[in-house]
Each structure stands twice: as structure tokens, then as C-alpha cells.
Amino acid sequence: MIMTCKSWLLLLAVVALCGIIEARSRNESRCYQFTWLGPRFHNESVFMNATCRDATRLASGVPCQQPLVVSDDGTWPDVEYIWTHHADEATCVLADNDVCAQYTFYFNGRVENSTYMCTRALDSNNTAITSGCYQETHGSFSTRTVISKLFANMYSVLTRVNAILTYTLSVLACLTFLCFLSTLTVDYRTTAQMNTVKVVVKNVPDYGASRERNDLGYLTFDLKTDLSNLFNWNVKQLFLYLTAEYVTPNNELNQVVLWDKIILRGENAVLDFKNMNTKYYFWDDGNGLKGHNNVTLTLSWNIIPNAGLLPNIPAIGQHSFKFPVDYTQARV
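Since the structure is predicted, the reported quantities are computational estimates derived from the model, not experimental observations.

Draft legend 1. Representation of the state of the cysteines in the model. Throughout the structure, instances matching the rule amount to two disulfides. Disulfide pairing is shown between cysteine 31 and cysteine 100; the S-S distance is 1.7 Å. Negative torsions about the S-S bond denote left-handed disulfides, and the value of about -70° found for cysteine 31 with cysteine 100 makes this one left-handed. With cysteine 31 in strand E1 (residues 29-32) and cysteine 100 in strand E5 (residues 99-107), this pair connects stretches of sequence that are 69 residues apart. One exposure class covers both cysteine 31 and cysteine 100, and it is buried. In this model, cysteine 92 is linked to cysteine 118 through a disulfide, with the two sulfur atoms separated by 1.9 Å.

Draft legend 2. Local environment of the sheet that holds strand E17 (residues 312-321). Read from one edge of the open sheet, four strands run E13-E12-E16-E17, paired in antiparallel fashion. Either end of the sheet is taken by a strand with one partner, and the two such strands are strand E13 (254-264) and E17. Neighbour to neighbour, the strand axes of the sheet diverge by 20° on average, direction disregarded.

Draft legend 3. Spotlight on the side chain of serine 114. Looking at the element boundaries, serine 114 is found in strand E6 (residues 110-119). The buried category is assigned to serine 114, whose relative accessible area is 0%. One polar contact links serine 114 to glutamine 102, side chain to side chain, over a distance of 3.3 Å. A polar side-chain atom of serine 114 sits 3.0 Å from a polar atom in the side chain of threonine 104. Leaving out residues up to four positions away in the same chain, serine 114 has contacts with Phe34, Thr35, Trp36, Trp76, Gln102, Tyr103 and Thr104.

Draft legend 4. Region of the structure containing the pattern of salt bridges. This model, assessed by the stated rule, comprises four salt bridges. Residue aspartate 187 pairs with arginine 189 through a salt bridge whose shortest N-O separation is 3.2 Å.

Draft legend 5. Representation of the layout of surface pockets. By volume, the second largest pocket amounts to about 300 Å³. In terms of lining, the second largest pocket is formed by 14 residues, of which the most central are Val69, Val70, Tyr81, Ile82 and His86. At the level of secondary structure, the elements contributing two or more residues to the lining of the second largest pocket comprise strand E3 (68-69) and helix H3 (79-85).

Draft legend 6. Expanded view of the packing of aromatic side chains. Scanning the entire structure with this criterion turns up twelve aromatic pairs. Each ring, one from phenylalanine 177 and one from phenylalanine 180, has its centre 6.1 Å from the other, and the planes form 50°; the classification is tilted. Residue phenylalanine 177 and its partner phenylalanine 180 are both found in helix H4 (residues 157-181); the two are separated by three residues, about one turn of the helix. The class for phenylalanine 177 is partly exposed, based on a relative accessible area of 48%. One aromatic cluster is present, formed by Tyr32, Phe34, Trp83 and Tyr116 through successive ring pairs.

Draft legend 7. Quick look at unusual backbone geometry. Proline 67 follows glutamine 66 through a cis peptide bond whose omega is 5°. Within the fold, proline 67 resides in the loop between helix H2 (52-56) and E3. Even without being glycine, asparagine 108 reaches a positive phi, approximately 55°. Note that asparagine 108 resides in the loop between E5 and E6. You can call asparagine 108 exposed: its relative accessible area is 52%. Its identity is not glycine, yet asparagine 275 carries a phi of approximately 50°, on the positive side. Note that asparagine 275 resides in strand E14 (residues 270-277). Asparagine 275 gets classed as partly exposed once you look at its relative accessible area, which sits at 45%.

Draft legend 8. Looking closely at H4. The terminal C-alpha atoms of H4 lie 36 Å apart, and with 25 residues this matches the ideal 36 Å at 1.5 Å per residue to within 8%. Taken together, the buried positions of H4 are occupied by Ala163, Thr168, Val171, Leu175, Cys179 and Phe180.

Draft legend 9. A look at the pairing of strand E12 (residues 235-246). Within E12, nine of the twelve residues are buried, which leaves the element mostly enclosed by the surrounding structure. Note that E12 and strand E16 (residues 295-305) share ten bridges and pair antiparallel. If you follow valine 235 over to E16, its bridge partner there is proline 305. Summarising the sheet, E12 and E13 pair through ten bridges and their orientation is antiparallel. For threonine 243, the partnering residue across the bridge sits in E13 and is valine 257.

Definitions and limits used
- Residues numbered from 1 in each chain as written.
- Predicted model: local features only at pLDDT ≥ 70, side-chain atom pairs only at ≥ 80, totals over all residues.
- Heavy atoms only, no water.
- Disulfide = S-S within 2.5 Å.
- Helix = DSSP H or I, 4+ residues; strand = E, 2+ residues; numbered from the N terminus.
- Buried < 20%, exposed > 50% of the residue type's maximum accessible area, 1.4 Å probe, protein only.
- Pairing = 2+ DSSP bridges.
- Axes fitted to C-alpha atoms, helices over the stretch in contact; angles between N-to-C directions.
- Polar contact = N/O pair within 3.5 Å; in protein donor to acceptor, adjacent residues only side chain to side chain.
- Contact = heavy atoms within 4.5 Å.
- Salt bridge = Lys/Arg side-chain N within 4 Å of Asp/Glu carboxyl O.
- 1 Å grid on protein atoms, 1.4 Å probe; cavity = no way out; pocket = protein on both sides within 12 Å on 5 of 7 lines; lining within 4 Å.
- Points joined across faces, edges and corners; volume = space filled by probe spheres on them.
- Phe/Tyr/Trp six-rings, centres within 6.5 Å; stacked < 30°, edge-to-face > 60°.
- Expected span 1.5 Å × (residues − 1).

Nothing here speaks to function; it is geometry throughout.
Here's what the structure looks like:
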């Protein structure tokens, strides 16, 4: 069985989506895990390089957990904000027999720091503690420990949906980029044969501009090319256009689009036109067409991709022709 890059993109996206749903659907309980540096630190403090040494002042038995947290004004941290925006780095998975604990260290009745963590707690009889509030005082120092089995459920429905959507879009973006790379080096050039059948020039007023008399070229052309090999999984459509290029005393380079066509994926991409009329007028900015002996027809196309760049590709092959030296008076 042959699978295109587009098929792999869909398959891997489904696998990634199933994987994230499975991971987020587990009954995973978590606790906060961080150390609040205390009211001495706030947003205007120099705390970017603070360590647990700064937080605990090396007090014996005082725990400390990374990351270190400060609040805007030195008040207690907003745990709801931490839970919503920093759950991965500021929480821990609650293992079997573990409890959530908040250990707060006081000096002279004022809070010095507070640490949230996953831990196991035993009383004096070596019995596991699952809840309660415990306080211990030594002179000017005191500690208070609040223990619970669970602070909150880590993944609400909204959190899970957001995680699934974010992860899925990230996977799709990465796979789309990889598939785009698979067509980055494809050569989209091919040969094209062009020929002019009838070429005349008139000198008429250009009512669309200044109403001055300018040269108006008229031609019919043949075009033959096979663009079937340009289509791959990453090509949605082709935009073809036929351009006339020439030089006049007034302009170093004149480019006029005479004809264009859109070819969608699945449509016939083999072109064999005979005696075709141009779709757009061949106006010159002055009187530079009469007697001009070097006008070049060039076929080009834009690749419209599903993902990636929008290249402009010239065909291999062109056709040069010349305009007659006399204006025609006949209807064209």
C-alpha cells in the first residue's frame, strides 16, 4: 500500500490526538510544588537569581522546592493563577501514600516563607497522616504544616480540551512543515512551445487612460505544453499567464500579460491551443509597437500549494516575433 505525505499527515495526527487524550484521561492527582519567598520579595525586588538558600536562610529542617515564587505586592501567591498558567512546572504528581503539604515558616509571628510540596507524613506512632494542621514553636521560630490528601484535580474539562487542541495543532503544524520539505526540491519547470499566427498593430485612442493615440497590438497564438507532471500532493492548482516582453526608447522593459488560465488538480493539464486570441489588450505606453522586431512571448506559472511557498516558474522555451512596420486599418 502506497501512502502519500498527506495520508501520513492524517494518520499521525490521529495517533497524536489519541495519545494526548489517553495521557490526559488518566486519573492523575497533583499538588502544588513551589516555595513562596515570603513578603520580603515582590515584583520590584531583585529575585531573578534567588535560590533556596535565600528563601530559607539555611534554617535547619525548613524545606524548599523549586520553582521559587513571588507575588505582585508581597502578599500570598495566587494559587489559582499558578494552577492555570504554570501547572506543569509548579505542581507534582501525587504518588501512592503521598499527601499535599504546605509548610510555613514564621519568625516572631511573621511569615518568612512557605513551601508547597508532595510528601509523606508520619506521626510519633509512625502512622501515616492524611489531613490536619500541625504547629510547632521553638523560641522566636515557629512552623505550621497543613496536610491534605488532595489540593485540587489537575485537569478540568476545559484544561484537557485546551491541552488536546494545542497539542494536536502543534503536531499538525510540524507534520505539515515536514511534508512541505518533501516537495521543496521538486523541479517545476517543463517545456512549452509557442508561436504567433497573426500579428498586426493599430494606432488608436486609449480611452481608458489619457485618450492619446497609442499603439494597440493584436495577435493570435498557438500554445502546446504538458503540465501534468507538475502536480503532486502539495500542488492545489496552477495559475498560468502568457507575457509579452519588449524594450522601447521610453522604457527599458515592458511586460504585458496577454492571457491567463487556472488549472485545478484533476483537470486536464495537457494544453494544445491553436490560433488563440489574447484575453487582454496589448496596449503600449506610446508608439513603440509599430515596426518593433523583438517582442518575446514567455509562459510562466504560479504553483498554488497546500502548504509552503508560492513559486513563480518560467517555462523552458519562448517565442520572439516582430510587429509590421505599417498600421492596419482593417477591423480585428
